[in-house]
Amino acid sequence: MTIEAIQQQIIEEFSAFDDWMDKYNLLIEMGKDTPLIDAQYKTNNHLITGCQSRVWLHAKYKDGKIYFTADSDAVITKGIVNILIRVLSGQSPEDILKADLSYIDNIGLKEHLSPTRSNGLVSMIKQIKLYAQVYKLKMDN
Amino acid sequence: MTTSLNVEALRQAFPVLNQFVYNKPLVYLDNAATTQKPYSVIKRVQQYYEHENCNIHRGVHYLSQQATEAFENSRKYIAGLINASHSHEIIFTRGTTESVNLVASSLGKLLMKQGDRVLITGMEHHSNLIPWQQICHENGTQLLVARINDVGETDLDHYKYLLEQGPKIVAITHISNALGTINPVKEMIHLAHTFNIPVLVDGAQSVAHMQVDMQDLDCDFFVFSGHKVYAPMGVGVLYGKESWLEKMPPYQFGGEMVDQVSFEKTTYNSLPFKFEAGTPNVGAVLGLETALRFVEKTGFEAIAAYENELLAYGHQQLGTIEGMRFIGQAAKKAAVISFLVGNIHPYDLGTLLDKMGIAVRTGHHCAQPLMDRFQIPGTVRASFALYNTFEEIDKLTEAVRRAVTMLS
Ligand SMILES: Cc1ncc(COP(=O)(O)O)c(C=O)c1O
């Protein structure tokens, strides 16, 4: 599926709920989805430190696409990690670099991507884009 | 529950409290981070900018003299309130952090040489830790750190043991912002003085909650921030004993702090101006005086008694939640409750509490070594002020219960 199609899917999943509590219940369920990352990659090498919650990110390149797995110690952060990974994993470096993540605003979770929140998510997105940049360069050469 | 404070009337004096967040009445329980400001303080600052604004200590004209007098009267008032021996022992700074940096840098230059060390406790805020760590590094050493016991109190035996290692300066917090522990600073100061070691007390968390008396404590330095005691941000106090301040070299250089200047040489102004380079935050200083007068008038004892009731009620109510873990259960505690529930991450709890209109702090509270001591990533912290109510604690408890249900 394309990035836009998956984003649309996620927006629809959340739009079933008006109430913030239901939205967060869904997010928490998504956060509990086990395991998003292989235990062997949950090391300091893959750690992105936010000061409130921690995020681990692993990237694997295969046949022109990048596959991400990730985790967080906070379940709400992990929920957001999950919906970012669902969209960005298995895409081409080019599409990842172009991806517009404003769908997070549409589902009313924008505040979690605020740099002042220091939950590691902003750094995770930067890291994802950085991986995409690096693999794109490799492909171009 | 009895209290001599008219809390409902007090609440009316704080405009920020009267608002909704996410369509729910704001429950503000992040007072250890900063307190809200009463109208009287807001109006005092406004009046200064509307009618009195002027640079001080330099103009011969009417406004400048008026502003200078008001500014110096604030200094006198604060000196009297905390029972300093002289008003020139009160130095105005930007806040606790700047006050600590001033002393670390200046007293560090005066007293420390290669191999010398500074003694702190394991519960210091980064602001009363990093400046001293820096001075130690410059002298090729490490900090001496007094251990914290399991309930969050300073281990006094270890403190005494470390005093015997010959530190040159002791810097300790009066009240821990992360745990609420009230350190027995008077005793700790006395112990340090038996070794002739000067002591700085970080009073950032104490001035809003108790009366502090410089003669009684006998500390050499006492520092605090205006914004944590109902005053504006951007102003703080350094109290220092005259005998130390006279000997210490200036911290910053520039206008205001000088006596005679030529291109070859400068002689410095007398206390307190030697330590107040540049234009101070006059409006905030006047606001600080107003805030402290408000606290004094409300009554330190009445405030402490009421906040103790809030603390006890908070422990009791939150304690009914399954899996509740209080981090910091010192016998002497200020109105701060740091907690965790089961294995729930503090960030998750804090996020959901926020959605329910409850403002608490989550994270390490600028005390990472302390969190490491308890092997936790951080805590959720509710901290109370004189305008908080028992109903708000009920709301907090209910909200925590709901959040825990969602997260389990
Ligand atoms: C115990 C303690 N020390 C120092 C500070 C630093 O105060 P400020 O940021 O106002 O300089 C704080 C405030 O967070 C504190 O709680």
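These numbers were taken from a predicted model, which means no experiment stands behind them. (Residues numbered from 1 in each chain as written. Chains lettered and ligands numbered in written order. Predicted model: local features only at pLDDT ≥ 70, side-chain atom pairs only at ≥ 80, totals over all residues. Heavy atoms only, no water.)

### Considering the overall build of chain B
Here is step 1 of the chain: Across its full length, chain B carries 14 helices and 17 strands.
Here is step 2 of the chain: Over its C-alpha trace chain B gives a radius of gyration of 22 Å, about what one expects of a compact globule, namely 22 Å for 408 residues.
Here is step 3 of the chain: Seen through its principal axes, chain B has C-alpha atoms that stretch 70 × 55 × 35 Å.
Here is step 4 of the chain: Here chain B, with 408 residues, has 59% of them falling under the buried criterion.
Here is step 5 of the chain: In chain B, once contacts between residues fewer than 6 apart in sequence are set aside, the share between residues at least 24 apart is 71%.
Here is step 6 of the chain: Surface summary for chain B: the accessible area is close to 16700 Å², and the carbon and sulfur share equals 50%.
Here is step 7 of the chain: Looking at chain B, you have 33 positive and 41 negative side-chain charges, and the mean spots of the two groups are 3 Å apart. (Helix = DSSP H or I, 4+ residues; strand = E, 2+ residues; numbered from the N terminus. Rg over C-alpha atoms; globule rule 2.2 N^0.38 Å. Buried < 20%, exposed > 50% of the residue type's maximum accessible area, 1.4 Å probe, protein only. Contact = heavy atoms within 4.5 Å. Areas by Shrake-Rupley, 256 points an atom, 1.4 Å probe, with all protein chains shown as cover. Lys, Arg positive; Asp, Glu negative; His and termini not counted. Charge placed at Lys NZ, Arg CZ, Asp CG, Glu CD.)

### Topic: the interface of chain B and chain A
Here is step 1 of the chain: Contacts between chain B and chain A engage 16 residues on the former and 18 residues on the latter.
Here is step 2 of the chain: Contact between chain B and chain A buries roughly 1600 Å² in total, counting both sides, with carbon and sulfur atoms accounting for 58%.
Here is step 3 of the chain: Contact with chain A buries area across many residues of chain B, yet Tyr347(B), Lys355(B) and Met406(B) alone supply 42% of it, more than any other trio.
Here is step 4 of the chain: Between Lys355(B) and Glu111(A) there is a salt bridge, with the nearest N and O atoms lying 3.1 Å from each other.
Here is step 5 of the chain: The interface formed by chain B and chain A includes seven residue pairs in polar contact (both at pLDDT 80 or more).
Here is step 6 of the chain: Of all the secondary structure elements, the ones that give two or more residues to the side of chain B that touches chain A are helix H12 (346-355), strand E16 (361-363) and helix H14 (390-407) of chain B.
Here is step 7 of the chain: Of all the elements, H12(B) adds the most residues to the side of chain B that touches chain A, at five residues. (Buried area = accessible area lost by both parts, 1.4 Å probe. Salt bridge = Lys/Arg side-chain N within 4 Å of Asp/Glu carboxyl O. Polar contact = N/O pair within 3.5 Å; in protein donor to acceptor, adjacent residues only side chain to side chain.)

### Quick look at the nonpolar core
Here is step 1 of the chain: In terms of nonpolar packing, the biggest core is built from 146 residues, with Leu84(A), Phe222(B), Tyr230(B), Leu288(B), Phe339(B), Leu352(B) and Val400(B) touching the most fellow members.
Here is step 2 of the chain: Here this core gathers at least three residues from each of two domains, domain 1 (7-30 + 299-407) and domain 2 (42-297) of chain B.
Here is step 3 of the chain: Grouped together as the second largest cluster of nonpolar side chains are 25 residues, Ala104(B), Met112(B), Val118(B) and Leu245(B) included. (Core = buried A, V, L, I, M, F, W, Y, C linked by side-chain atoms within 4.5 Å. Domains from an automatic or database assignment.)

### Here's the deal with helix H6 (residues 121-140) of chain A
Residues and elements named next belong to chain A.
Here is step 1 of the chain: Its 20 residues place the ends of H6 28 Å apart at the C-alpha level, agreeing with the 28 Å of an ideal helix rising 1.5 Å per residue.
Here is step 2 of the chain: For H6, the full list of buried residues reads Leu121, Met124, Ile125, Ile128, Ala132 and Tyr135. Down the axis of H6, the sector holding all buried residues measures 100°, keeping them to one side. Among the exposed residues of H6, those pointing more than 90 degrees away from its buried face are Lys126, Leu137, Lys138 and Asp140.
Here is step 3 of the chain: Taken together, the buried residues of H6 touch strand E1 (47-49), strand E2 (54-62), strand E3 (65-72), helix H3 (75-88) and helix H4 (93-98). (Expected span 1.5 Å × (residues − 1). Arc of directions from axis to C-beta.)

### Comments concerning the pattern of salt bridges
Side-chain pairs of opposite charge can arise whenever the charged atoms involved come near each other.
All names here are of chain B.
Here is step 1 of the chain: Scanning the entire structure with this criterion turns up 23 salt bridges over all chains.
Here is step 2 of the chain: In this structure, the salt-bridge partner of arginine 11 is glutamate 392, at a minimum N-O distance of 3.3 Å. Within this pair, whereas arginine 11 is found in helix H1 (residues 7-12), its partner glutamate 392 is found in helix H14, the two being separated by 381 residues in sequence. Judged on exposure class, the residue arginine 11 and its partner glutamate 392 are both buried.
Here is step 3 of the chain: When the shortest N-O distance is used, the salt bridge between arginine 293 and glutamate 289 registers 2.8 Å. With a gap of four residues between them, arginine 293 and glutamate 289 both fall in helix H10 (residues 282-298), about one helical turn apart.
Here is step 4 of the chain: Its relative accessible area of 41% is what places arginine 293 among the partly exposed residues.

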